[in-house]
Amino acid sequence: MRTRLSGAGMDLGDPSAFLNFLGRASGIVGAVMLLLAAALSARVPRLDRLFGGLTRLWKTHHLLGAGSLLLLMAHPLLLAMAQTTTSVEAATSLLFPAPGHWQIWTGWAALILMMVFLAPSFAFFGRPDYQRWKYLHRLAGPALILALAHAFQYGRTLPANSEHWLWLVLTVMAVGAVAWRFVFSRRIGRLRYTVQRVVTVANNLVELVLKPAGRRHLDYDAGQFVYLAPFDRELAAGYGEEHPYTLSSSPKEPVLRIAIKDLGDASRAIQAIRPGSRVTIEGPYGQFFPDDPPKKQLWIAGGIGITPFLGRARDLLKTGSPVDIRLIYCVQDEARARFLDELYEIATELEGFEVIAHYFYRQGPLDAEFLTGHVPDIIERAGFICGPTPLNQLASRLLSTAGIARKNIHTEEFELL
Ligand SMILES: Cc1cc2nc3c(=O)[nH]c(=O)nc-3n(C[C@H](O)[C@H](O)[C@H](O)COP(=O)(O)OP(=O)(O)OC[C@H]3O[C@@H](n4cnc5c(N)ncnc54)[C@H](O)[C@@H]3O)c2cc1C
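The following refers to the structure shown. (Residues numbered from 1 in each chain as written. Predicted model: local features only at pLDDT ≥ 70, side-chain atom pairs only at ≥ 80, totals over all residues. Heavy atoms only, no water.)

**Some thoughts on the overall build of the chain**
Right, on to step 1. Secondary structure summary: the chain contains 13 helices and 13 strands in total.
Right, on to step 2. Relative to its full complement of 417 residues, the chain shows a buried share of 49%.
Right, on to step 3. At a minimum sequence separation of 6, the contacts of the chain that also span at least 24 residues come to 69%.
Right, on to step 4. For the chain, the accessible area works out to roughly 20,700 Å², and carbon and sulfur atoms hold 60% of it.
Right, on to step 5. One way to put it: in the chain the 42 positive side-chain charges average out to a point 7 Å from where the 36 negative ones average out. (Helix = DSSP H or I, 4+ residues; strand = E, 2+ residues; numbered from the N terminus. Buried < 20%, exposed > 50% of the residue type's maximum accessible area, 1.4 Å probe, protein only. Contact = heavy atoms within 4.5 Å. Areas by Shrake-Rupley, 256 points an atom, 1.4 Å probe, with all protein chains shown as cover. Lys, Arg positive; Asp, Glu negative; His and termini not counted. Charge placed at Lys NZ, Arg CZ, Asp CG, Glu CD.)

**As for the layout of surface pockets**
In this approach, a probe sized like a water molecule rolls over the atoms, and the result shows the empty space that is left.
Right, on to step 1. Put simply, the second largest pocket is a space of about 1,100 Å³.
Right, on to step 2. As for the second largest pocket, its lining consists of 42 residues, and the residues nearest its centre are Ser41, His137, Arg138, Arg181 and Phe182.
Right, on to step 3. Listing elements by their share of the lining of the second largest pocket, those giving two or more residues are helix H1 (15–39), helix H2 (54–84), helix H4 (102–118), helix H5 (130–136), helix H6 (140–154), helix H7 (162–189) and strand S5 (225–231).
Right, on to step 4. Broken down by element, the residue count for the lining of the second largest pocket peaks at seven residues, all from H7.
Right, on to step 5. In terms of residue class, the lining of the second largest pocket is made up of 24 nonpolar, ten polar and eight charged. (1 Å grid on protein atoms, 1.4 Å probe; cavity = no way out; pocket = protein on both sides within 12 Å on 5 of 7 lines; lining within 4 Å. Points joined across faces, edges and corners; volume = space filled by probe spheres on them. Nonpolar A, V, L, I, M, F, W, Y, C, P; charged D, E, K, R; others polar.)

**Topic: the side chain of Arg314**
Right, on to step 1. Summarising the element assignment, Arg314 is placed in helix H9 (residues 307–319).
Right, on to step 2. Judged by relative accessible area, Arg314 falls into the buried class, the value being 5%.
Right, on to step 3. Here Glu207 takes part through its side chain, which lies 2.8 Å from a polar atom of the side chain of Arg314.
Right, on to step 4. Once you skip the residues sitting within four places of it in the chain, Arg314 turns out to touch Glu207, Ser248, Ser249, Ser250, Glu253, Arg257, Phe339, Glu342 and Ile346. (Polar contact = N/O pair within 3.5 Å; in protein donor to acceptor, adjacent residues only side chain to side chain.)

**Quick look at the environment of Ala313**
Right, on to step 1. With respect to the secondary-structure elements, Ala313 resides in helix H9.
Right, on to step 2. For Ala313, a relative accessible area of 1% puts it in the buried group.
Right, on to step 3. C-alpha separation for the pair Ala313 and Gly302, spaced eleven residues apart in sequence, amounts to 16 Å.
Right, on to step 4. Look past the residues within four positions of Ala313 in its chain and what remains in contact with it is Trp299, Leu343, Ile346 and Phe353.

What follows is the structure, given as structure tokens:
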């Protein structure tokens, strides 16, 4: 039976027409995904909550980017395969036309740029250097412009002018997002703060205390995160570079607190930031703790993943109402249990808050026996997990096996790549 695609007037029973249709469809869907990925890169404070937080939003952005690359790579191949039913020469000249056919060459240029800036995002190529990855990502702008020039030239698959309208609307969204990110957010999105104090928590961990330098100050919920850029000329690395950090303070404090562990060049250098120097803060982002969380909660933190819980516990202490929360704090040994004394202190003052330390070197990996031994009513609780990816995966599995529904298990990743 032959099927006709009415709008495009194609006979899909014919292999050549079918391949041609697939080629065009992969081009359109791939380009739409690319533009949507660009639109999602805006990072407008609080808007990320519509997507369940910035981490989730960026996962969607990555999936759209990866999907668009695969579809756009398939696009010329499918179109060329459709031509092979006529002749191999026809297929070759469709793929590699004379130099004057700029409409096709813009498509190729867009695709090559995409391969350059998107390939490092695939795990297959190993873990990229974050800053290099970020610079390469700037090729997305020229790639988008070239892809659109190509799409506007060939936009005749969908009925009437609808394809032009589609590109126009998506272009406005993508350009708006990029303009926010690189122009407006720098002018109106970033708040100026001054480093009031640098508290040395350990030899690889400081907690910065920041006070507003202008009239505007950050309005946030406990456990959210911000992008911080330091402007201290003496820093060995990371001057003016923005990095995401969770606020470890309570929103009820007049200052912001941010605990930073040295995990790379910039976070190592910031350990030596001087009091009095300037930083900018952009945010807040994320929604680790929902607006109206259930009363009975189980928190599982690993290493520096303690920061959202620290901020939340400090905030709950200020509120003073009784809670029903168990915090399992996973660290390698006693020496690495940062902020544990403060958390124990909060537990003595905040009714219903209990802190349980888990030491990997002595007790091995976190397991079901440890969890149910310390939290017998685990199945009645909502789980919140923040730590290194392997711990997040292990803990999510344990909570799920213990009977907590997936929708009640919330995780926060400190990795956005
Ligand atoms: C939502 C979130 C909350 C975080 N909260 C804290 C916190 O409270 N305390 C803390 O010590 N660390 C936190 N981090 C981790 C912190 O952002 C990285 O340790 C820091 O950016 C490392 O930068 P670097 O130049 O020192 O190291 P690099 O060697 O450049 O980076 C190490 C890794 O950090 C990540 N990273 C680096 N730069 C960025 C960036 N601009 N955006 C996103 N990821 C980046 C990458 O995964 C990279 O592979 C958080 C990360 C995220 C995503």
